[in-house]
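# Structural description and commentary
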Amino acid sequence: MNIGLIAHESKKKLMQNFCIAYRGILSKHTLYATGTTGRLIEEVSNLSVHKYLAGNLGGEQQIGALIEQNEIDLMIFLREPLSADLHKPDINYIGKICDVHNIPVATNLATAELLIKSLDRGDMEWREMYK
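In this report, we go over the structure that sits alongside the text. A quick note: this is a predicted structure, and the numbers were derived from the prediction, not measured.

Note: α-helices contain 3.6 residues per turn, so residues at a spacing of three or four share the same orientation. Listed in full, the buried residues belonging to helix α1 (residues 12-21) are Lys12, Met15, Gln16, Phe18 and Cys19. Down the axis of α1, the buried side of the element spans an arc of 160°, and every buried residue falls inside it. Pointing more than 90 degrees away from the buried face of α1 are the exposed residues Lys13 and Ala21. Buried residues belonging to α1 abut β1 (2-7), α2 (23-26), α3 (35-45), β4 (74-78) and α6 (109-121).

Pairing in this open sheet of 5 strands is parallel, and the strands run β3-β2-β1-β4-β5 from one edge to the other. At either margin of the open sheet sits one strand with a lone partner, and together these are β3 (49-51) and β5 (105-106). Looking at chain direction, β1 and strand β2 (residues 30-33) are connected through 4 bridges and run parallel. If you follow Ile3 over to β2, its bridge partner there is Leu31. Across the sheet, α3 touches β1, β2 and β3, and the angle it forms with β3 is around 155°.

Cut-off values and rules
Residues numbered from 1 in each chain as written. Predicted model: local features only at pLDDT ≥ 70, side-chain atom pairs only at ≥ 80, totals over all residues. Heavy atoms only, no water. Buried < 20%, exposed > 50% of the residue type's maximum accessible area, 1.4 Å probe, protein only. Helix = DSSP H or I, 4+ residues; strand = E, 2+ residues; numbered from the N terminus. Arc of directions from axis to C-beta. Contact = heavy atoms within 4.5 Å. Pairing = 2+ DSSP bridges. Axes fitted to C-alpha atoms, helices over the stretch in contact; angles between N-to-C directions.

Quick look at the structure:
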C-alpha cells in the first residue's frame with residue numbers, strides 16, 4: 001500500500017516518533033512525504049521515503065496529485081489545528097480529495113494509530129479492489 005505522510009512544523013517530531021514506533025508496519029509499504037517531513041523520517045527511522053518538495057514549496061500539491069490519481073491508499077497529515085488559518089487551504093485540499101477517492105486520512109495521532117493498526121490487520125485490503 002502507498003502511504004502519504006505530511007506533518008506541519010509543530011508536528012514533525014510527533015511524526016518522527018510515530019514512524020519509529022510503527023517502523024515494522026511502515027517498512028512493508030511504500031511511503032511518500034513532503035520534503036522536510038520525509039527527510040526527518042528517514043533520519044530517525046531508516047525507512048525509505050519518496051520525498052517531494054517541502055510543503056510550503058508545493059509538496060502538498062504534489063502529494064495531492066498522487067491522491068487525485070488514486071495512487072495513495074492511506075494519508076496521515078498531522079496538522080497544527082490551533083493555527084488553522086495558516087494551513088487551512090492545504091488540509092482542506094488534502095481532505096477533500098481523500099474524500100473524493102475514499103482514501104482514509106488521519107489528522108491526529110489517535111486516528112493515525114488506528115489506521116496503521118488496521119492496515120497491519122489487513123483491514124485495508126478493500127483499497128486494492130477499489131482501485
